[in-house]
Amino acid sequence: MKDIKAKILSNEKTRYVYYKMVLDAPYIARSAKPGQFVEIKCSDSFEPLLRRPFSIHRVKGKGSRVKEIEILYEVVGKGTDVLSKKQKGESFDILGPLGNGFVLPRAHAPNLEPRAIIISGGIGAAPLVFLAEELTKKKIKTIVLIGAKTKKLILCEKDFKKFTSEVYVSTDDGTYGCKGFVSKLFHNILKTTESNFETVVYVCGPHGMLKCIAQICEERNFECQVSLEENMACGIGACLGCVVKTKTGNKLACKDGPVFDSKEIIW
C-alpha cells in the first residue's frame, strides 16, 4: 500500500444519493484486486478528522496504461457529503490498496466447471463490478443478482450487463424486477439453472442479507465469500475499530478482510 496524493478527474452524481468519482492513482490502479479498498482523507481540515473507506469500484486502462480508479459512494454523512462537493482538479490523500479481496473460483471437482454468482444489495454493488470484469476476463460463467429496496436505489445494472447477459434484479416493493428480497431471487435462480457447476457465491450488502445468503450457501455446500461493510477508521489494523467475530477468534475487517469466507463468520 502507499499513501499518495490523487487528483480528481471527475466526480458526478449518478442517481439519487449516489456518486461516482474517478481518480488519477496509477500505483493503486495497477496494484488493486477486486474486493480491496482505499482510505480517503476527505478534507485538509480537522473536520471530518478520520479517513473514510471506499471499495475500489473499477480500474481503468489496459496494461501499463492502467492509472485510474473509480469510487462509487453513497452520501450518508459528513465525510461523504464533503466528498460529493469536491471538484475536478482537486486532490486529496488516499491510502491503498488495502485489505484482502475476493479469490477467483477454480474448479476442484472432476467434470465440473467453475461458476460465479454475484449478489449485491444497495451500495454493496460498489466492489462487485470490478469483480465481474475480472471473472469475464477469466472466462468464468457469471450470474449477477441485484437487490434494492425500490427501483430508484438499483445500482450498476448496466455496468454488470457489460460483462454478463445473466443479470437479474429484485426490489423489496416490487417496483422493478422480482418482488421481494434478493435472497428469494437467489432461491428462484438456483431452481432454474444447471447443476453441473462448482459454484462460488460473492456477496456484498447489508448484514442481514449477508447472513441470509450465507445460510443458503451452507445448506447447498457452496463456497461463499462475503465483503463486510464495516466502519474502518485507519484501514491498517491499528485502531481496532472494525472487529469481526469469527470461529477462530476476533479479526479485523480492514486487515484480515474485508472479504471473508462466510462459514468463518459468527453471525
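The structure this text deals with has already been given above.
Here's a quick rundown of the structure. (Residues numbered from 1 in each chain as written. Predicted model: local features only at pLDDT ≥ 70, side-chain atom pairs only at ≥ 80, totals over all residues. Heavy atoms only, no water.)

1. Some points on the layout of surface pockets
- When its volume is computed, the largest pocket comes out at roughly 670 Å³.
- Lining the largest pocket are 29 residues, and of these Pro53, Phe54, Glu229, Glu230 and Asn231 lie nearest its centre.
- Sort the elements by how many residues they give to the lining of the largest pocket and strand β4 (residues 52-55) lands first, with four residues.
- Looking at the lining of the largest pocket residue by residue, the classes come out as 15 nonpolar, eight polar and six charged.
- Both domains that meet at the lining of the largest pocket, namely domain 1 (2-98) and domain 2 (113-264), each give it at least three residues.
- Empty space within the second largest pocket amounts to approximately 470 Å³.
- The set of elements that each furnish at least two residues to the lining of the second largest pocket consists of β9 (141-148), α5 (182-192) and α6 (207-220).
- Take the lining of the second largest pocket: its biggest share by element is three residues, from α6. (1 Å grid on protein atoms, 1.4 Å probe; cavity = no way out; pocket = protein on both sides within 12 Å on 5 of 7 lines; lining within 4 Å. Points joined across faces, edges and corners; volume = space filled by probe spheres on them. Helix = DSSP H or I, 4+ residues; strand = E, 2+ residues; numbered from the N terminus. Nonpolar A, V, L, I, M, F, W, Y, C, P; charged D, E, K, R; others polar. Domains from an automatic or database assignment.)

2. A word on the nonpolar core
- Counting residues in each nonpolar core, the largest one holds 31 residues, and the members touching the most others are Ile119, Leu145, Phe186, Val201 and Ile213.
- Elements supplying a minimum of two residues to this core: β7 (91-98), β8 (113-121), β9, α5, β12 (197-204), α6 and β13 (223-227).
- Looking at this core, you find at least three residues from each of domain 1 (2-98) and domain 2 (113-264).
- When neighbours within four sequence positions are excluded, isoleucine 213 is seen to be in contact with Ile119, Ser183, Phe186, Val201, Val203 and Cys224. (Core = buried A, V, L, I, M, F, W, Y, C linked by side-chain atoms within 4.5 Å. Buried < 20%, exposed > 50% of the residue type's maximum accessible area, 1.4 Å probe, protein only. Contact = heavy atoms within 4.5 Å.)

3. Regarding the pattern of salt bridges
- All told, the structure shown has 11 salt bridges when counted by the stated rule.
- Between glutamate 90 and lysine 86 there is a salt bridge, and its shortest N-O distance comes to 4.0 Å.
- Relative accessible area serves as the criterion here: at 30%, glutamate 90 is assigned to the partly exposed category.
- Accessibility expressed as a relative area gives 13% for lysine 86, which makes it buried.
- A single salt-bridge network, built from bridges that share partners, covers Lys20, Asp159 and Lys162. (Salt bridge = Lys/Arg side-chain N within 4 Å of Asp/Glu carboxyl O.)

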